[in-house]
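Overview (structure and organization)
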Amino acid sequence: MNYLYAFLSGGAICLLAQILVDKTKLTPAKILVLYVCTGVFLGACGVYAPFVRFAGAGATVPLTGFGYTLFSGVKEAVETQGLTGCLTGGLTASSAGISAAIIFAALWALLFKSRDKNI
Amino acid sequence: MKALVFDKAYISCCAAVGGALEKRGPLGNMFDITAEDSYFGTGSWEQAESEMSRLSVNMLLKKASLAEKDIDVLLGGDLLNQCTATGFAANSLPVPYLGLYNACATAAEALLLGASLVSGGHAEKAVAAVSSHFCSSERQFRFPLEYGSQRPPYSQNTVTGAGAFLLERSGSVRVTRALIGKVTEKGVTDANNMGAAMAPAAAQTLTDFLELTGERMENYDAVVTGDLGREGSALLAKLLESGGVASADALDDCGLIVYGPECRGVNAGGSGCGCSACVLATYFWQKLCKKEIRRMLFVGTGALLSPRTVMQKQVIPCIAHLVELESI
Amino acid sequence: MDKNSYLKLASKREKTSPCLKNCLFAFLSGGAVCLLGQAMKDLYALLGAEEKTAYSLVAVTLVFAAGLCTGLGFYDKAARVCGAGLFVPITGFSNAVASPAIEARCEGAVTGVGSEIFKIAGPVIVYGNIASVIYGVIYYIYLCFAG
């Protein structure tokens, strides 16, 4: 059942973004920014945590999940460290994904060369 | 404003280089050189475009049995920042060089300037060379090539191609008249819909030319725009109609010819400096030589934008230059 | 023809994207990526990772896989069809970091790859961070009064 919920939730979040792409002139970059901020907002509203329990990876894998990670990191850090937690919490919690993206991207830049996508 | 009338200016030879996608298109076997390797044996997309431009000029010289020293001036340009593709190509030639930029209207611009220099007696032999490369243009104007993005169906595909023309005081195709276009816009800001942005410029230049010379659309076997694509071509027909110019069957567009009118896999058709240059140097050159087309108007269209002006949400100013050609 | 009527004419005939088809592909591909993520999470949990770590590992694995596909030239071709289904999941973030990096290698390790790497994904981190810091300040003030 977990798998079905993950599939449906993740799919629905992507579908919503696709509607924004096709029906508005919003660029993907703007939609992604909107999604991350929405994740933080929904986390703050207390909606996203139950959603993660329900949908699992269907909630954490889309970019709203990245926003939620930032949120939960800040929340925890503020509770333990006070005001400095605002600055340390978000990136600490999301560091695995960001660092992985940087390290691997540097590796890919060493290994691969860009290609003509028309062929 | 007045139309330029050339006493003696001819295109005597031309050469075209195309990429892999262009090779698979309907003009595939008309190119002088096509490459499966989009890098053209170089290490970067910018160098690839430059190499393509150099190949087209070298091919032209070979076809015309000329040496570099016979060329009085090379007029050319491309879409890259600071026109580096053509500049670097000129460095490896070396010939007297003038770099031009009018976006995708550069082919028409180079032809009309070359014809002016030749007709005015300032040059015996002038070469007009223009290029564009899909990959270097994507890099400069859109996204990295590997970035997964969807393009809207009204967007156009930059042609990987280079065209070179030799202008002399004698030859098989005469450049009779030309009109330098005025920069126009009708409020289009969407850089994905270049056709819609450029159509008003094409309409303006075309109507101005017909008015100035008293010619009619019916007097031409072909009236060809540079790269309006599916969107722009339809809008041009509407604009001409509303301006009282009967848009005859003669109207066609290089962006719709280069990949075929169905534009399979390229959304609304081809674009880029190389688009109009390649189509003129292959498809129309052959028709002019066979006298299937006796008189034609070649209207190069260009959108004078940069990625920055697009981000600043500025309107897209466009230009169209017209060249009248006659087969002799 | 004046500007307004021209713009109207242009946008009226503008061919629209095949929204239904795009949405279907976005739903299926986005769902599939999340399903894959869920399977990985369960696997990592089975191997003894606690929940939070398991989700981080899922993110790292997906980032790796998407980057590899980007380098091999599959990702952009699939994304042409799948659209949001491949740019909304964390795989899209990975693609947005890897693609400018691969392309910038011609300009060198520092001036090219180093400076271009966050060209597309940068705004996500910038605004995500700003939003979370704003939340943190509000939460801190709330805690001061509530506590």
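Analysis parameters
Every chain is numbered independently, its residues counted from 1 as its sequence is written. Following the order in which they are written, the chains are lettered starting with A and the ligands numbered starting with 1. Where totals are concerned, whole chains, interfaces and linings use all residues; where local detail is concerned, this predicted model gives features only for residues with pLDDT of at least 70, and gives and counts side-chain atom pairs only at 80 or more. Only hydrogens and water are set aside when side-chain values are computed; all heavy atoms of the structure are taken into account. To define a nonpolar core, start from buried Ala, Val, Leu, Ile, Met, Phe, Trp, Tyr and Cys residues and group those joined through side-chain atoms within 4.5 Å. Here the term buried applies to any residue with accessible area under 20% of the maximum for its type, exposed to any over 50%, and partly exposed to those in between, with areas from a 1.4 Å probe on protein chains only. For the purposes of this entry, the term helix denotes a DSSP run of H or I that reaches at least four residues, the term strand denotes a run of E that reaches at least two, and both are numbered from the N terminus. Contacts were defined at the residue level, with two residues in contact if any of their heavy atoms lie within 4.5 Å. Domain ranges listed in this record stem from an automatic or a database domain assignment. What counts as buried area is the accessible surface, traced by a 1.4 Å probe, that two parts surrender upon association, with contributions from both included. Only one rule defines a salt bridge in this text: a Lys or Arg side-chain nitrogen within 4 Å of an Asp or Glu carboxyl oxygen. Throughout this description, a polar contact denotes any pair of N or O atoms lying within 3.5 Å of each other; where both atoms belong to protein, one of them has to be capable of donating a hydrogen while the other can accept it, and for residues adjacent in sequence the pair is counted only when both atoms sit in side chains. Under the grouping applied here, Gly and all other residues not named as nonpolar or charged are polar, the nonpolar ones being Ala, Val, Leu, Ile, Met, Phe, Trp, Tyr, Cys and Pro and the charged ones Asp, Glu, Lys and Arg.

1. Notes on the nonpolar core
One finds A:V61, A:L63, C:V88 and C:F93 to be the most contacted residues of the largest nonpolar core, which totals 67 residues. Residue contributions to this core peak at 8 residues, all from helix α6 (residues 85-111) of chain A. When residues no more than four places from it in sequence are discounted, the contact partners of C:V88 are A:I13, A:C14, A:A17, A:L32, A:Y35, A:V61, A:P62 and A:L63. In this structure, B:I11, B:C14, B:L167 and B:I293 belong to the second largest nonpolar core, which totals 54 residues.

2. Section: the domain arrangement of chain B
All names here are of chain B. For chain B, the domain assignment lists domain 1 (4-168) and domain 2 (173-327). With centres defined by C-alpha atoms, the gap from domain 1 to domain 2 works out at 18 Å. Residue-level contacts link 54 residues of domain 1 with 55 residues of domain 2. The contact between domain 1 and domain 2 buries some 4300 Å² in all, and 66% of this surface belongs to carbon and sulfur atoms. If you sort the residues of domain 1 by the area they bury against domain 2, C104, Y154 and Q156 come out on top, with a joint share of 17%. Run the count over domain 1 and domain 2 and you get 0 salt bridges. Our count for the domain 1 to domain 2 interface comes out at 21 residue pairs in polar contact (both at pLDDT 80 or more). Ranked by residues supplied to the side of domain 1 that touches domain 2, first place goes to strand β2 (residues 10-18) with 8 residues. By residue class, the composition of the side of domain 1 that touches domain 2 is 35 nonpolar, 14 polar and 5 charged.

3. Remarks on the interface of chain B and chain A
If you look at the interface, chain B gives 21 residues, while chain A gives 11 residues. At the boundary of chain B and chain A, one finds 1 salt bridge. Measuring nitrogen to oxygen at the nearest pair gives 2.6 Å for the salt bridge that ties B:D190 to A:K25. For the pair chain B and chain A, the number of links is 10 residue pairs in polar contact (both at pLDDT 80 or more). Only α1 (20-24) and α5 (134-141) of chain B provide two or more residues apiece to the side of chain B that touches chain A. In terms of residue count, α1(B) provides more of the side of chain B that touches chain A than any other element does, 3 residues in total. In the side of chain B that touches chain A, the residues fall into 10 nonpolar, 6 polar and 5 charged.

4. Here's the deal with the interface of chain A and chain C
On the side of chain C, 68 residues touch chain A, which itself brings 69 residues to the contact. Ranking the residues of chain A by area buried against chain C places A:F7, A:V61 and A:W108 at the top, with a combined share of 11%. In this assembly, chain A and chain C are joined by 2 salt bridges. Linking A:K25 and C:E14 is a salt bridge whose minimum nitrogen-to-oxygen distance equals 3.5 Å. Counting across the interface, chain A meets chain C through 13 residue pairs in polar contact (both at pLDDT 80 or more). Of all the elements in the fold, those that place two or more residues in the side of chain A that touches chain C are α1 (2-23), α2 (28-44), α3 (48-55), α4 (57-60), α5 (63-81) and α6 of chain A. At 17 residues, the largest contribution of residues to the side of chain A that touches chain C is made by α1(A).

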